[in-house]
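In case you want the letters, here they are:
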Amino acid sequence: MKKSTIEEIKERFDNDVERFSNLETGQVATIDATISLELITEASKRIVPNAATVLDVGCGAGNYTLKMLSKVPDLNCTLVDLSLPMLNRAFERVAAETNGKVVIKQGDIREIDLEENSFDIILAGAVLHHLRDDQDWETTFAKLFKLLKPGGCLMISDLITQDTELLNNYTWQRYGEYLEGIGGAEYRQKVLDYIEKEDSPRSMNYQLDLMKKVGFSKVEILHKNMCFGAFGGIK
């Protein structure tokens, strides 16, 4: 199947701002979304307790930055997303919660120009699964590493696969059952169809190995439940 283009992904999120502004509705198809959000932000706070800057990649309506601000107040926040309506909502929500500077940048993190060694914390929530081939993954992880200050951290919460095919089949079967339990067979098929069309998730092992390859000194697993995980690395 031909995967969605960046423009198609942007259009979908342009039309879904209200749903993604609410954790109860925006993350309903994500197993343990609130747990992972808590874990990656609390870990970030503990790794960089005196953080001054955060970059939220694929920020959506700003939920991850808002959670981060509840733990480390008055951060200078840089919000990146393909969708301008989503960014505008994120700016409105985040600016109300910090005395720090809030900057929005519309576009693809792979192409946006940002200053290297300038962020204490980078949050990537439900976004990296849109990357495609190995080269795409490696150049993006390398870029995120360069954007971090020494001692800073990249924390990821995302859809993942398994490296062993039979276990991957099992976890996706379980996920399908989870979706059906939420919204029935039609909802299950709808979610699995758009994942097939839009997403290219990789395993947690793949991503942790890649983080080490591009230079992270430490990588950590915070949580894993079937085809979702929370993990990260320290520069």
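Going by an unreviewed UniProt entry, the protein chain carries the name Methyltransferase type 11 and comes from Flavobacterium johnsoniae.

K.L.:
Where do I start with the overall build of the protein chain in this structure?
P.N.:
On a plain count of helices and strands, the protein chain comes out with nine helices and seven strands. Considering the protein chain as a whole, with its 235 residues, one finds that 52% of them fall into the buried category. Sequence-distant contacts in the protein chain: of pairs separated by 6 or more residues, those separated by 24 or more amount to 74%. Total accessible area computed for the protein chain in this model is approximately 11000 Å², and 49% of it derives from carbon and sulfur atoms.

K.L.:
Looking at this model, I keep getting lost on the packing of helix α7 (residues 134-147) against helix α9 (residues 204-214). Mind explaining?
P.N.:
Across the interface, α7 lies against α9 with an axial gap of 9 Å and an inter-helix angle of 55°. Taken together, the axes of α7 and α9 are oblique relative to one another. In this structure, α7 crosses over α9, and the sense of that crossing is right-handed. For the pair formed by α7 and α9, the contact residues are Asp-134, Trp-137, Glu-138, Phe-141, Ala-142 and Phe-145 on the first element and Tyr-206, Gln-207, Leu-210, Met-211, Lys-213 and Val-214 on the second. Class assignment for the residues of the contact of α7 with α9 results in eight nonpolar, one polar and three charged.

K.L.:
So what exactly am I meant to see when it comes to the nonpolar core here?
P.N.:
Most often, soluble globular proteins keep nonpolar side chains buried together rather than apart. Counting residues in each nonpolar core, the largest one holds 28 residues, and the members touching the most others are Leu-55, Ile-122, Leu-128, Phe-141, Leu-144, Leu-154 and Ile-156. Of all the secondary structure elements, the ones that give two or more residues to this core are β1 (53-57), β4 (119-125), α7, β5 (148-159) and α9. In contact with Ile-156, other than residues within four places in its own chain, are Ile-40, Ala-124, Leu-128, Phe-141, Gln-207, Met-211, Gly-229, Ala-230 and Phe-231. Core analysis: the next-biggest nonpolar cluster, separate from the first, contains 25 residues, Ala-43, Cys-59, Val-72 and Leu-75 among them.

K.L.:
I keep staring at the sheet that holds β5 and nothing clicks. Help me out?
P.N.:
Across a sheet, paired strands are connected by hydrogen bonds in the backbone, their directions being either parallel or antiparallel. Spatially, β3-β2-β1-β4-β5-β7-β6 is the arrangement adopted by the seven strands of the open sheet, whose pairing is mixed. Unpaired on one side and paired on the other, β3 (102-106) and β6 (218-225) mark the two borders of the sheet. For this sheet the average axis-to-axis angle between neighbouring strands, irrespective of direction, equals 15°. Where β1 lies against β4, four bridges are found, and the strand directions are parallel. Each bridged residue has a counterpart across the sheet, and for Val-54 the counterpart in β4 is Ile-121. Along the sheet face, helix α6 (residues 84-95) touches β2 (76-81) and β3 and points at about 175° away from the line of β3.

K.L.:
It is not clear to me how the pairing of strand β7 (residues 228-234) should be interpreted in this structure. Could you clarify?
P.N.:
Strand residues, when the strand is regular, have side chains that alternate between the two faces of the sheet. The element β7 is extensively covered by neighbouring structure, given that seven of its seven residues are classed as buried. In β7, alternate side chains face the same way, and those of Phe-228, Ala-230, Gly-232 and Ile-234 on one face and Gly-229, Phe-231 and Gly-233 on the other are all buried. Relative to β7, β5 runs antiparallel, the two sharing seven bridges. By the bridge assignment for β7, Leu-159 is matched with Phe-228. Connecting β6 to the next strand, β7, in antiparallel fashion are two residues, including Met-226 with a positive phi near 55°.

K.L.:
Honestly, helix α4 (residues 33-47) in this entry has me stumped. Any pointers?
P.N.:
An α-helical segment advances 3.6 residues per turn. Residues three or four places apart therefore align on the same side. Its 15 residues place the ends of α4 21 Å apart at the C-alpha level, agreeing with the 21 Å of an ideal helix rising 1.5 Å per residue. Taken residue by residue, α4 has Ala-33, Ser-36, Leu-37, Ile-40, Thr-41, Glu-42, Ala-43 and Ser-44 as its buried positions.

What counts and what doesn't
- All residue numbers refer to positions counted from 1 along the written sequence of the respective chain.
- Restriction of local features to residues with pLDDT of at least 70 applies here, the model being predicted, together with a cutoff of 80 or more for giving and counting side-chain atom pairs; totals for whole chains, interfaces and linings are based on all residues.
- Excluding hydrogens and water, the side-chain figures rest on all heavy atoms present in the structure.
- By definition, any uninterrupted DSSP run of H or I lasting at least four residues is a helix, any uninterrupted run of E lasting at least two residues is a strand, and each is numbered from the N terminus.
- Throughout, exposure labels follow a simple rule: accessible area from a 1.4 Å probe, protein chains only, divided by the maximum for the residue type, with under 20% read as buried, over 50% as exposed, and the rest as partly exposed.
- A contact between two residues is defined here by any heavy atoms of the two lying within 4.5 Å.
- Shrake-Rupley sampling with a 1.4 Å probe provides the accessible areas, and residues are treated as covered by the protein chains on show and by no other component.
- Between the N-to-C directions of two axes lies an angle of 0 to 180 degrees, each axis being a line fitted to C-alpha atoms and, for a helix, fitted only over the stretch in contact.
- Angles below 35 degrees are treated as roughly parallel, those above 145 as roughly antiparallel, those between 65 and 115 as roughly perpendicular, and all remaining angles as oblique.
- A clockwise turn of the near helix away from the far one marks a right-handed crossing, whereas an anticlockwise turn of less than a right angle marks a left-handed crossing.
- Under this grouping Gly is polar, as are all residues other than the nonpolar Ala, Val, Leu, Ile, Met, Phe, Trp, Tyr, Cys and Pro and the charged Asp, Glu, Lys and Arg.
- Among the buried residues, those of types Ala, Val, Leu, Ile, Met, Phe, Trp, Tyr and Cys that are joined through side-chain atoms within 4.5 Å form a nonpolar core.
- Any two strands between which DSSP finds at least two bridges are classified as paired.
- To estimate how far a helix should extend, the number of its residues minus one is multiplied by 1.5 Å.

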